[in-house]
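# Structural description and commentary
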Amino acid sequence: MRLIAPAAFARGAPRYSATLTRTPLPGIHTGRRSFSASPTSNDAIAQDDKKKLLIVYHTMTDGTRQMAQAAYEAARKAESPDSPITIQMLKARDAGPEDVLSASGYIFATPENLAAMAGIMKDFFDRTYYAALGKLNGRPYACMICAGSDGENAMRQVDRIAKGWRLKKAADGIIVITHAQTAERCHAMKTIEKPDLERCAEVGEALAEGMAMGVF
Ligand SMILES: Cc1cc2nc3c(=O)[nH]c(=O)nc-3n(C[C@H](O)[C@H](O)[C@H](O)COP(=O)(O)O)c2cc1C
């Protein structure tokens, strides 16, 4: 996975200092090595002043939920009273324009069904697209797809909507293949393997840390 260094980072993150502590997470588009954020003040940051990473997902047989949950739990490592970010995970059917507008970064996670993103995920975008259009420019996002055998078209669809919103792709998209190609397998509950959950966790952690640092 690749990292992209946005101009904003070159200008510096005003309130936080970075300490390089780990090896780079592959595929995260920051251009920086990964880091931990340490606030320059001991003051806890008011909840309203925090930047929110919003994870929106839909699932039918639980695969996508496990992926989103892995990203959420990893992202929450960057959450503390001193941290400038907060993490929210919402089902697509429960997410609306206010949730999108109040967030500063996004992870969109959906199954691929019938060579498209799941209908409920599309409904989320349908309900929020114009309310948010022109107001999210430059904010970071990542996309995660749970698919029986493909997933590319669902990814393209999400990326196209994100492009319309002028979001910035912060990490390579993730497609997790669940090998569901029969009716029986498609409708069976899924268990996502650990290496795939780890890929999702890397994206969640990197977005959260990047947002905390002002990288994106
Ligand atoms: C009606 C239906 C259509 C599907 N179409 C596709 C498809 O076009 N491409 C694909 O890769 N997987 C397809 N699948 C498989 C799902 O993507 C797979 O079961 C995935 O694990 C669903 O994610 P979930 O567990 O989060 O619901 C389909 C499944 C269903 C039920």
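Data block above holds the structure.
A brief report on the enclosed structure follows. Everything quoted here is computed from the prediction, not taken from an experiment.

Rules used in this analysis
- Residues numbered from 1 in each chain as written.
- Predicted model: local features only at pLDDT ≥ 70, side-chain atom pairs only at ≥ 80, totals over all residues.
- Near = placed C-beta within 6 Å.
- Helix = DSSP H or I, 4+ residues; strand = E, 2+ residues; numbered from the N terminus.
- Nonpolar A, V, L, I, M, F, W, Y, C, P; charged D, E, K, R; others polar.
- Core = buried A, V, L, I, M, F, W, Y, C linked by C-beta atoms within 7 Å.
- Buried ≥ 20, exposed ≤ 12 C-beta atoms within 10 Å, placed from the backbone.
- Contact = placed C-beta atoms within 7 Å.
- Expected span 1.5 Å × (residues − 1).
- Axes fitted to C-alpha atoms, helices over the stretch in contact; angles between N-to-C directions.
- Parallel < 35°, antiparallel > 145°, perpendicular 65-115°, else oblique.
- Left-handed = near helix turned anticlockwise from the far one by under 90°.
- Pairing = 2+ DSSP bridges.
- Right-handed = clockwise from strand over helix to strand, strands pointing away.

## Here we look at the site of the ligand
Neighbouring the ligand are 22 residues; Gly63, Thr64, Pro111, Ala147 and Gly148 lie closest to it. Listing elements by their share of the shell around the ligand, those giving two or more residues are helix H2 (63-75), strand E5 (105-113), strand E7 (140-147) and helix H6 (183-187). Residue composition of the shell around the ligand, by class: eight nonpolar, ten polar and four charged.

## A few points about the nonpolar core
Membership of the largest hydrophobic core comes to 60 residues, with the highest contact counts inside it found for Ile55, Ala71, Ile107, Met144 and Leu207. When residues of this core are assigned to their parent elements, the largest contribution, nine residues, is made by helix H7 (residues 194-213). If sequence neighbours within four positions are ignored, Leu207 has contacts with Leu53, Ala75, Gly105, Ile107, Pro140, Ala142, Ala170 and Ala171.

## Details of H2
Between its first and last C-alpha atoms H2 spans 19 Å; for 13 residues at 1.5 Å apiece the expected length is 18 Å, and the two agree. The element H2 is extensively covered by neighbouring structure, given that twelve of its 13 residues are classed as buried. Those residues of H2 lying buried are Gly63, Thr64, Arg65, Gln66, Met67, Ala68, Gln69, Ala70, Ala71, Tyr72, Ala74 and Ala75.

## A look at the packing of H2 against H7
Packing of H2 against H7 leaves a shortest axis separation of 7 Å and a crossing angle of 40°. When the axes of H2 and H7 are compared, the pair comes out oblique. Where H2 crosses over H7, the handedness of that crossing is right-handed. Side by side, H2 and H7 meet where Gln66, Met67, Ala70, Ala71, Tyr72, Glu73, Ala74 and Ala75 of the first sit next to Leu197, Cys200, Ala201, Val203, Gly204, Glu205, Leu207 and Ala208 of the second. Of the residues belonging to the contact of H2 with H7, the class tally is twelve nonpolar, two polar and two charged.

## Some words on the pairing of E7
Regular strands show a simple pattern: their side chains alternate between the two faces of the sheet. The element E7 is extensively covered by neighbouring structure, given that eight of its eight residues are classed as buried. Burial along E7 is two-sided: the face carrying Pro140, Ala142, Met144 and Cys146 and the face carrying Tyr141, Cys143, Ile145 and Ala147 are both buried. Examined bridge by bridge, E5 and E7 share six bridges and lie parallel to one another. The residue bridging Pro111 from the neighbouring strand is Cys146, located in E7. Sheet topology places E7 next to strand E8 (residues 168-169); two bridges connect them, and they run parallel. Residue Tyr141 lies in a different strand from E8, and its bridge partner there is Lys169. Handedness of the β-α-β unit built from E7, helix H5 (residues 152-164) and E8 comes out right-handed. Sheet topology places E7 next to strand E9 (residues 174-177); four bridges connect them, and they run parallel. The partner of Cys146 across the bridge, within E9, is Val176.

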